[in-house]
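The lines below spell out each chain.
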Amino acid sequence: MERRAPRADAARNRDQLLAVATRMFMSAGAEPSMRAIAREAGVGIATLYRHFPTRESVVDAVYRDQVVRLTTGARELLDRLPPAAAMRHWMDLFGDWIAAKSGMLDTLLAMTESGEIAHAETRTELLAAIATILDAGRVAGDLRDDATADDIAASLIGIFTVAPRPEHDARASRLLNLLMDGLRPTVRG
């Protein structure tokens, strides 16, 4: 039996629920309830459960959506911006992902432990996205040739650990700008 594409209103509802859940996970101190997500999205709880039957399905959808934004975002940013500017914007996307993960941490950890989410696979995808920007930056001459994707990932994790978003946006931004200064090639005399 052939699966039909979802109706336009159903697709809009799902997209709205995903956007609201992401925003709520980013700004929540504790995981928001399913009812709070539905209410904030302006839909009934039954609509939420039709799209996401469990808390895990919401977390999985937000998590995967953020990973896709990071992996495709690297290429999209490079299409519009010079590599150094693309890297700096990508770092902000990474910060958003970390913030969203923080708001769904309990469920995410349980899903990782059960194998529902493959952490190693995500790490590989994210390192590849960073490498894509670094490679373009090396070719353009606006990013150091000795920086690695692992270096950037470790630096970003450190920055967002000491300056978590959204409550420390200004400090995170300053630290990201300092990191970018360190990624610029040095002039050898």
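These remarks concern the structure in this document. Everything quoted here is computed from the prediction, not taken from an experiment. (Residues numbered from 1 in each chain as written. Predicted model: local features only at pLDDT ≥ 70, side-chain atom pairs only at ≥ 80, totals over all residues. Heavy atoms only, no water.)

**Overview of the overall build of the protein**
And then number 1: Looking only at helices and strands, one finds nine helices and zero strands in the protein.
And then number 2: Oriented by its inertia axes, the alpha-carbon framework of the protein measures out at about 65 × 40 × 30 Å.
And then number 3: Counting the 189 residues in the protein, one finds 40% classified as buried.
And then number 4: Across the protein, every contact between residues at least 6 apart in sequence was considered, and the portion connecting residues at least 24 apart equals 65%.
And then number 5: Roughly 10600 Å² of accessible area belongs to the protein as shown, and the carbon and sulfur atoms make up 53% of that amount.
And then number 6: Once the 24 positive and 26 negative side-chain charges of the protein are each reduced to a mean point, those two points are 5 Å apart. (Helix = DSSP H or I, 4+ residues; strand = E, 2+ residues; numbered from the N terminus. Buried < 20%, exposed > 50% of the residue type's maximum accessible area, 1.4 Å probe, protein only. Contact = heavy atoms within 4.5 Å. Areas by Shrake-Rupley, 256 points an atom, 1.4 Å probe, with all protein chains shown as cover. Lys, Arg positive; Asp, Glu negative; His and termini not counted. Charge placed at Lys NZ, Arg CZ, Asp CG, Glu CD.)

**Thoughts on the layout of surface pockets**
And then number 1: Approximately 220 Å³ is the volume attributed to the second largest pocket.
And then number 2: Every residue lining the second largest pocket is counted, 13 residues in all, and those nearest its centre are Phe 94, Trp 97, His 119, Arg 123 and Ile 157.
And then number 3: Looking at the lining of the second largest pocket, the elements with two or more residues in it are helix 5 (83-102), helix 7 (119-140) and helix 8 (149-162).
And then number 4: Counting residues per element, the lining of the second largest pocket draws most heavily on helix 7, at six residues.
And then number 5: Across the lining of the second largest pocket, the residue classes tally to nine nonpolar, two polar and two charged. (1 Å grid on protein atoms, 1.4 Å probe; cavity = no way out; pocket = protein on both sides within 12 Å on 5 of 7 lines; lining within 4 Å. Points joined across faces, edges and corners; volume = space filled by probe spheres on them. Nonpolar A, V, L, I, M, F, W, Y, C, P; charged D, E, K, R; others polar.)

**Details of the nonpolar core**
And then number 1: Counting 56 residues, the largest nonpolar core has Met 87 and Trp 90 as its most contacted members.
And then number 2: Among the elements of the structure, helix 1 (8-27), helix 2 (34-41), helix 4 (55-80), helix 5, helix 6 (105-114), helix 7, helix 8 and helix 9 (169-183) are those that each provide at least two residues to this core.
And then number 3: Discounting residues that sit within four places of it in the chain, Met 87 has contacts with Ile 130, Ile 133, Leu 134, Leu 143, Ile 152, Met 180 and Leu 183. (Core = buried A, V, L, I, M, F, W, Y, C linked by side-chain atoms within 4.5 Å.)

**A short note on the packing of helix 4 against helix 5**
And then number 1: It is at 9 Å that the axes of helix 4 and helix 5 come closest, and there the two elements cross at 175°. Comparing their axes, helix 5 and helix 4 come out roughly antiparallel. Contacts from Tyr 63, Gln 66, Val 67, Arg 69, Leu 70, Gly 73, Ala 74, Leu 77 and Leu 78 in helix 4 reach Pro 83, Ala 86, His 89, Trp 90, Leu 93, Phe 94, Asp 96, Trp 97 and Lys 101 in helix 5.
And then number 2: Tallied by class, residues from the contact of helix 4 with helix 5 come to twelve nonpolar, three polar and three charged. (Axes fitted to C-alpha atoms, helices over the stretch in contact; angles between N-to-C directions. Parallel < 35°, antiparallel > 145°, perpendicular 65-115°, else oblique.)

**Some remarks on helix 1**
And then number 1: The end-to-end C-alpha distance of helix 1 is 29 Å, a good match for the 28 Å that 20 residues give at a rise of 1.5 Å each.
And then number 2: Turning to helix 1, its buried residues number three or more, namely Ala 10, Leu 17, Leu 18, Val 20, Ala 21, Thr 22, Met 24 and Phe 25.
And then number 3: Looking at the buried positions of helix 1, the neighbouring elements they touch are helix 2, helix 3 (45-51), helix 4 and helix 5. (Expected span 1.5 Å × (residues − 1).)

On their own, these measurements won't tell you what the molecule is for.
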